[in-house]
Amino acid sequence: MNIKNIPVILASASPRRRELMEQAGFSFTVKTSSADETSTEKVPEKLCENLALLKANEVYKNIKNEYKDKEFIVIGADTVVYYDGEILGKPEDEQEAFDMLTMLSDRTHQVYTGVCVIYRSSLGKQIELFHEKTDVTFYPITSFEIKDYIKTGDPLDKAGAYGIQGPFAIHIREINGDYNNVVGLPIAKLYQTLKGMDLIL
């Protein structure tokens, strides 16, 4: 895939997002954001979009002089899990991971990923911001199964304390929406957004 031979920078340290970009055929480099991601926003779609913008904008500011007058694209993303009015980010420790997974067991929750595309061209800075939502339902999970999963270390760097594409996949009853959105990046919607911006050859 060619994006008009314009450098693409992924503003994310997530290996899952990197893998999805690679699988889709994007050529890109990774530059992680060090922006402060604390927020008091309680609306999940606004929160994930705000944090995606924050990450992308921070990387944009750090590299714009490096590219001087050249065109480039920065893509930032943020994923949150939402259940019963509560936003679940990455667990701080194993106990919080256990509490999150116990709460989500045998229930349906929502996964939101916000995506920000910043395109610098000869006309200036263009920003596109969007989010995707997917409903995820778990089977009932026993305390033993949750503790066994936590021992793998897999949940500690993931919103909602689980990864749908890893060993936790055996506990997923149903999803309604974009699977890749739950992994961490709605790659199809990202492609369509870039296409709408006339950036896909």
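See the structure above.
All values reported here derive from a predicted model rather than from experimental measurement. (Residues numbered from 1 in each chain as written. Predicted model: local features only at pLDDT ≥ 70, side-chain atom pairs only at ≥ 80, totals over all residues. Heavy atoms only, no water.)

Colleague: What should I look at first to understand the overall build of the protein in this one?
Modeller: When its secondary structure is counted, the protein shows six helices and seven strands. Taking 17 Å as the expected radius of gyration for a compact globule of 201 residues, we find that the protein reaches 17 Å, a close match to that expectation. Of all 201 residues assigned to the protein, the portion counted as buried reaches 48%. For the protein, restricting intrachain contacts to residue pairs at least 6 apart in sequence, the fraction spanning at least 24 positions comes to 71%. Element-wise, carbon and sulfur atoms account for 45% of the exposed surface of the protein, whose accessible area totals about 10100 Å². (Helix = DSSP H or I, 4+ residues; strand = E, 2+ residues; numbered from the N terminus. Rg over C-alpha atoms; globule rule 2.2 N^0.38 Å. Buried < 20%, exposed > 50% of the residue type's maximum accessible area, 1.4 Å probe, protein only. Contact = heavy atoms within 4.5 Å. Areas by Shrake-Rupley, 256 points an atom, 1.4 Å probe, with all protein chains shown as cover.)

Colleague: For this particular structure, what's the right way to read the packing of helix H3 (residues 94-104) against helix H4 (residues 143-150)?
Modeller: Each pair of packed helices can be summarised by the angle the axes make with each other and by the distance between the axes. Closest axis-to-axis distance for the H3/H4 pair is 10 Å, and the angle between their directions is 135°. Accordingly, the angle class assigned to the pair H3 and H4 is oblique. Between H3 and H4 the crossing geometry is right-handed. Touching Glu 94, Ala 97, Phe 98, Leu 101 and Thr 102 of H3 are Ser 143, Ile 146, Lys 147, Tyr 149 and Ile 150, all from H4. Here the residues of the contact of H3 with H4 are counted per class, giving six nonpolar, two polar and two charged. (Axes fitted to C-alpha atoms, helices over the stretch in contact; angles between N-to-C directions. Parallel < 35°, antiparallel > 145°, perpendicular 65-115°, else oblique. Left-handed = near helix turned anticlockwise from the far one by under 90°. Nonpolar A, V, L, I, M, F, W, Y, C, P; charged D, E, K, R; others polar.)

Colleague: Can you help me understand the state of the cysteines in this one?
Modeller: Disulfide: a covalent bond formed between the sulfur atoms of two cysteine residues. The final tally for this structure, using the stated rule, is zero disulfides. Here Cys 48 is not disulfide-linked; the sulfur of Cys 116 is the nearest cysteine sulfur, at 12 Å. Classification of Cys 48 as buried rests on a relative accessible area of 0%. (Disulfide = S-S within 2.5 Å.)

Colleague: Is there a simple way to think about the environment of Glu 92 in this case?
Modeller: Relative to the helices and strands, Glu 92 is located in the loop between strand S4 (86-88) and H3. A relative accessible area of 75% places Glu 92 in the exposed class. As a C-alpha pair, Glu 92 and Leu 156 span 64 residues in sequence and 7.3 Å in three-dimensional space.

Colleague: Sorry if this is basic, but what is going on with a negative patch on the surface here?
Modeller: A cluster of like negative charges, contributed by Glu 92, Asp 93, Glu 94 and Asp 99, occupies part of the molecular surface. Structurally, Asp 93 can be placed in the loop between S4 and H3. (Patch = residues over 30% accessible without salt bridge, like charges linked within 9 Å, V, L, I, M, F, W, Y side chains within 5 Å. Salt bridge = Lys/Arg side-chain N within 4 Å of Asp/Glu carboxyl O. Lys, Arg positive; Asp, Glu negative; His and termini not counted. Charge placed at Lys NZ, Arg CZ, Asp CG, Glu CD.)

Colleague: Explain the side chain of Thr 193 to me, please; I cannot follow it from the model alone.
Modeller: Relative to the assigned elements, Thr 193 resides in helix H6 (residues 187-196). Excluding residues that lie within four positions of it along the chain, Thr 193 makes contacts with Glu 128 and Phe 130.

Colleague: Teacher, can you tell me more about the pattern of salt bridges here?
Modeller: Between side chains of opposite charge, pairing is possible as soon as their charged atoms come close. For the structure on display, the rule yields six salt bridges. With a shortest N-O distance of 4.0 Å, Glu 132 and Lys 189 are connected by a salt bridge. Here Glu 132 is found in strand S6 (residues 124-138), whereas its partner Lys 189 is found in helix H6, with 57 residues between them in sequence. Given the relative accessible area of 32%, Lys 189 is considered partly exposed. Put simply, Arg 16, Asp 154, Asp 157 and Lys 158 are held in one network by salt bridges that share partners.

Colleague: In this structure, what is going on with the nonpolar core? I would like to understand it.
Modeller: Met 21, Ile 73, Ile 75, Phe 138, Tyr 162 and Leu 190 are the most contacted members of the largest nonpolar core, which totals 45 residues. Leaving out residues up to four positions away in the same chain, Ile 75 has contacts with Val 8, Ile 9, Leu 10, Ala 11, Met 21, Val 115, Cys 116, Val 117 and Leu 190. Grouped together as the second largest cluster of nonpolar side chains are twelve residues, Ile 9, Tyr 60, Phe 72 and Val 74 included. (Core = buried A, V, L, I, M, F, W, Y, C linked by side-chain atoms within 4.5 Å.)

Colleague: Explain H3 here, please?
Modeller: Because an α-helix packs 3.6 residues into every turn, residues spaced three or four apart end up facing the same way. Along H3, the positions that sit buried rather than exposed are Ala 97, Phe 98, Met 100, Leu 101 and Leu 104. Along the axis of H3, the buried residues cluster in a sector spanning 165°; they form a single face. Here the buried face of H3 lies against strand S3 (72-83), S4, strand S5 (108-121), S6 and H4. Two or three places before Gln 95, at the opening of H3, Asp 93 has a side-chain oxygen 3.2 Å from that residue's backbone nitrogen. Positive backbone phi, at 60°, marks Asp 106, one or two positions downstream of H3. (Arc of directions from axis to C-beta. Polar contact = N/O pair within 3.5 Å; in protein donor to acceptor, adjacent residues only side chain to side chain.)

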